[in-house]
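# Tertiary structure, described
What follows is the residue order along each chain.
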Amino acid sequence: DIKEAQNRPDERGNLLYPTGPRLCVLDIEAVGFGFNLCCAPDKPGTFIGQVASGGSGQRAGLLRGDAIVEVDGQNMEDRSLEEVGALVKAGLTPLKLVVRERTEGDHLGRNRPPV
């Protein structure tokens, strides 16, 4: 399969064609990490709302709709948008996010400003 043959990690370990949970390593830039967060109202779970074209988030392999699993090694699956956002903003650089593709049961809701 061509996709599998081309799917070698870059120098940071990010995959071009990710499948399953994956680690995305981001450096902070003048405009932040190049993505924003969103969530479903009154439900746990935080998702990638938008990814800035050419930004650190895009280069790391973040995709719109990805669910945040971990931030810098801490599980975030049952945390609120505010908790995840605070940890991302306070996080070290490089920021290490474990994300997974959004599943059918996940929902996107309100947006949060870019981080």
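Residues numbered from 1 in each chain as written. Predicted model: local features only at pLDDT ≥ 70, side-chain atom pairs only at ≥ 80, totals over all residues. Heavy atoms only, no water.

## Some thoughts on the overall build of the chain
- The helix and strand tally for the chain stands at 3 helices and 7 strands.
- Listed N to C, the secondary structure of the chain is α-β-β-β-α-β-β-α-β-β in terms of helices and strands.
- Within the chain, contacts between residues at least 6 apart in sequence are counted, and of these 62% link residues at least 24 apart. (Helix = DSSP H or I, 4+ residues; strand = E, 2+ residues; numbered from the N terminus. Contact = heavy atoms within 4.5 Å.)

## A look at the state of the cysteines
- Under the counting rule described, the total for this entry stands at 0 disulfides.
- No disulfide involves cysteine 39; its sulfur sits 7.1 Å from the nearest other cysteine sulfur, which is in cysteine 38.
- Among the residues examined, cysteine 39 registers a relative accessible area of 4% and is labelled buried. (Disulfide = S-S within 2.5 Å. Buried < 20%, exposed > 50% of the residue type's maximum accessible area, 1.4 Å probe, protein only.)

## Notes on the nonpolar core
- Core analysis: the largest hydrophobic core is formed by 19 residues, its most contacted members being Leu26, Phe35, Ile68, Val71 and Leu97.
- Elements with a minimum of two residues in this core: strand S1 (22-26), strand S2 (35-38), strand S4 (67-71), helix H3 (81-90) and strand S6 (95-100).
- Counting residues per element, this core draws most heavily on H3, at 4 residues.
- Aside from chain neighbours lying at most four places away, what touches leucine 26 is Phe33, Phe35, Ser56, Gly57, Ala60, Leu62, Thr93, Pro94, Leu95 and Leu97. (Core = buried A, V, L, I, M, F, W, Y, C linked by side-chain atoms within 4.5 Å.)

## A few points about the side chain of aspartate 66
- If you trace the backbone, aspartate 66 turns up in the loop between helix H2 (56-60) and S4.
- Here the side chain of aspartate 66 touches leucine 63 through a polar contact of 2.8 Å, landing on its backbone nitrogen.
- Residues contacting aspartate 66, with those up to four places away along its chain left out, are Arg22, Thr46, Phe47, Ile48, Gly61, Val99, Arg100 and Glu101. (Polar contact = N/O pair within 3.5 Å; in protein donor to acceptor, adjacent residues only side chain to side chain.)

## What to know about unusual backbone geometry
- At aspartate 72, a residue that is not glycine, the phi angle is positive and equals roughly 45°.
- Tracing the backbone through its elements, the reader meets aspartate 72 in the loop between S4 and strand S5 (74-75).
- Aspartate 72 gets classed as partly exposed once you look at its relative accessible area, which sits at 28%.

None of the figures reported here should be taken as evidence of function without further support.
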